[in-house]
Amino acid sequence: MVFVLNGPNLNLLGTREPAIYGSDTLDDIAGRLEDRARDLGLEVDVRQSNHEGHLVDWLHEAQASEAAVVLLNAGAFTHTSIALYDAIKAIRTPVIEVHLSNPHTRETFRHRSYVGMAAKGTIAGFGADSYLLALEAAAKLAKV
């Protein structure tokens, strides 16, 4: 099982700043992930919350349920959440940070990633394909 956790405002994908985030909805991305996961012999559990504590709880749940990997797009919490940093460091489950855009080409405040400081790796800047690339990396980590 691969948990795919999405943070604040990602429920608005498809309508939120499409020039930056693309026109795919989170449901579109989830569908493509499910299809690719099947091909890779994996299952995905895609979730979204605008609340930081839910993301922390789901990271803990990933370890408790023995998920192989977590793909985490923490949205704006990427740049602010020491709680997510601590949660990632507290679990054994590897976390791959995912971003649709490349934060390093955007506003300066987006250049620091607390999630990235704790994650196994980061995939960013490839639009919705960032999730698929992260799933490929997850499959290698899970050794499927």
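Residues numbered from 1 in each chain as written. Predicted model: local features only at pLDDT ≥ 70, side-chain atom pairs only at ≥ 80, totals over all residues. Heavy atoms only, no water.

(A) Region of interest: the sheet that holds strand β3 (residues 69-73). The parallel open sheet is built from five strands, whose spatial order is β2-β1-β3-β4-β5. Pairing within the sheet leaves two strands with one partner each, and these edge strands are β2 (44-48) and β5 (121-124). Direction aside, neighbouring strands of the sheet carry axes that sit 20° apart on average. Pairing geometry for strand β1 (residues 2-6) and β2, over five bridges, is parallel. Across the sheet, F3 pairs through a bridge with D45, a residue of β2. Relative to β2, helix α2 (residues 26-40) is tilted by about 165°, and along the sheet it contacts β1 and β2. (Pairing = 2+ DSSP bridges. Helix = DSSP H or I, 4+ residues; strand = E, 2+ residues; numbered from the N terminus. Axes fitted to C-alpha atoms, helices over the stretch in contact; angles between N-to-C directions. Contact = heavy atoms within 4.5 Å.)

(B) Looking closely at the pairing of strand β4 (residues 95-99). For β4, the buried fraction is high: five of the five residues fall into the buried class. Here β4 shows no split at all, with V95, E97 and H99 on one side and I96 and V98 on the other all buried. For β4 and β5, the ladder comprises four bridges, and the chain directions are parallel. Across the sheet, the residue bridging to I96 is G121, located in β5. (Buried < 20%, exposed > 50% of the residue type's maximum accessible area, 1.4 Å probe, protein only.)

(C) Looking closely at helix α4 (residues 82-90). Regarding α4, the residues found buried are L84, A87 and I88. Along the long axis of α4, the arc covered by the buried residues comes to 100°, so they all point the same way. Turned more than 90 degrees away from the buried face of α4 sit K89 and A90, all of them exposed. Where α4 is buried, its residues touch α3 (52-64), β3, β4 and α5 (114-118). At the N-terminal end of α4, a side-chain oxygen is found 3.4 Å from the backbone nitrogen of A83, two or three residues along, and the residue is S81. (Arc of directions from axis to C-beta. Polar contact = N/O pair within 3.5 Å; in protein donor to acceptor, adjacent residues only side chain to side chain.)

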